[in-house]
Amino acid sequence: MQASSQRDFLKQAAIDHADELFRLILGEPNDARAKTWRHGKRGSLMMHMRGADRGLWKDWESGDRRRDILDFIAIYDMGLPDAKADFPAVLSRIEALLGLSPFDSIDTAELDRRRKAREAEQKAEDAAKARAIEKTLKRRQDAAQRLEDSPAEVYLRRRGIRMMPPQSFATYEGGHDPELVIWATDDTMTVKGGQGIALTNRKPRKLSFGNIGGFPARLPGDAADGPLFIAEGPETALTVWQATGCETWAVYGAGNFQSAPVPLWRTVIFCPDADA
C-alpha cells in the first residue's frame, strides 16, 4: 500500500467512524441525536457528524479551531500536540482503534463515492438552512414595527439611551414576547440575520437568528471619514454611538470580532466588554 493511499484510506476510515472514535476517546456526547456532537459540562468541544464537515472539530476552551479527525486522535487519544508531531504513529493508532490492517486493499472508487455522498449531504443541508433563514427573515421583517412609543423605546431609555436608532433597529411582536430586534446587515444594508432582545423576563434573554457572523448591526456616523467604533452587543454600541456621534457597529459577541468586515482604510476602535 503506497504511503499516500494509506493516508487517504485511513483518514477516510476515521471520518466514516467519527462517531465511534468520539465515543472511544471521550465517551458519550451530550446529545447523540445532534448533527454536531459536544463534550464536557459546557460542551466546549464540538465535532461535526454530518455532511462534508464530518470529523472536523474545535474546542472553545483550549482555543483549537477547525481541526481534522487526525489531530483529534493525536491530541485526545495520544497526547501529542497535533498529528504532524508523529504522523506514522497516528496512522498506526487509527488502524488499532478501528481494527484495520496495513495490508487491507483500497477501493479508491468507494472512497470517492463516500466523499461525494458527504458533499451532497452538506449541499442539501446548506440549501435547506438557507431556505429556513429566508423564511425567518421575511417573517421578522414583515412584523417589524417602529421604535417610537413602543416597549423597546422604554427599555432603551431606561438604559440611558435617548437617541433612538435608525431603521436598522425595530420592534417585533407576534407569537411570542415583545422584543427589540437588531438587524445584522451586509455592506449594502441587506438584512442577513439579527438578534432579538426580550423585553420581558424570557430566558434566554437574547436570541440570534439568521446569519450574524460577519454581518454587524450598523449605526451611521456624522462624518464619513470619522473613526469606526466596534462593540460587542447592541446596547453598548448604542451607548457609544450616542456619546460619539460616530459610526458604530455591534457584532453580537466577542467571538464575532474576528469575522467583522473591518475597513482597512479607516481608524477602527474596538470596544469589548470588560469580560471579553
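Relevant structure appears above.
Residues numbered from 1 in each chain as written. Predicted model: local features only at pLDDT ≥ 70, side-chain atom pairs only at ≥ 80, totals over all residues. Heavy atoms only, no water.

What follows covers the pairing of strand β11 (residues 228-231). Neither face of β11 is exposed, since L228 and I230 on one face and F229 and A231 on the opposite face are all buried. As judged from the four bridges shared by β11 and strand β13 (residues 268-271), these two strands associate in the parallel manner. The partner of I230 across the bridge, within β13, is F270. Taking the sense of rotation as the criterion, the β-α-β connection linking β11, helix α7 (residues 234-244) and strand β12 (residues 248-250) turns out right-handed. (Buried < 20%, exposed > 50% of the residue type's maximum accessible area, 1.4 Å probe, protein only. Helix = DSSP H or I, 4+ residues; strand = E, 2+ residues; numbered from the N terminus. Pairing = 2+ DSSP bridges. Right-handed = clockwise from strand over helix to strand, strands pointing away.)

The next point concerns the packing of helix α2 (residues 18-26) against helix α3 (residues 69-77). Two elements in contact, α2 and α3, have axes separated by 10 Å at closest approach and are oriented at 15°. Between α2 and α3, the interaxial angle falls into the category roughly parallel. For the pair α2 and α3, the sense of crossing is left-handed. Along the contact surface, α2 presents A18, L21, F22, I25 and L26, while α3 presents I69, F72, I73, Y76 and D77. Of the residues that constitute the contact of α2 with α3, the class distribution is nine nonpolar, no polar and one charged. (Axes fitted to C-alpha atoms, helices over the stretch in contact; angles between N-to-C directions. Parallel < 35°, antiparallel > 145°, perpendicular 65-115°, else oblique. Left-handed = near helix turned anticlockwise from the far one by under 90°. Contact = heavy atoms within 4.5 Å. Nonpolar A, V, L, I, M, F, W, Y, C, P; charged D, E, K, R; others polar.)

Time to look at the sheet that holds strand β2 (residues 45-48). Paired through their backbone hydrogen bonds, the strands of a sheet run either parallel or antiparallel. Reading across from one edge, β1-β2-β3-β4 is the order of the four strands in this open sheet, with antiparallel pairing throughout. Across the chains shown, the open sheet's two edge strands, defined by having one partner strand only, are β1 (36-39) and β4 (64-67). Across the sheet, the mean angle from the axis of one strand to that of its neighbour is 10°, orientation sign disregarded. In this sheet, β2 lies alongside β1 in antiparallel orientation, the contact comprising four bridges. When the bridges of β2 are listed, W37 appears paired with M47. Lying over the sheet, α2 contacts β1 and β2, oriented at roughly 5° with respect to β1. Against the sheet, α3 contacts β2, β3 (57-59) and β4, and its axis sits at roughly 45° relative to β3.

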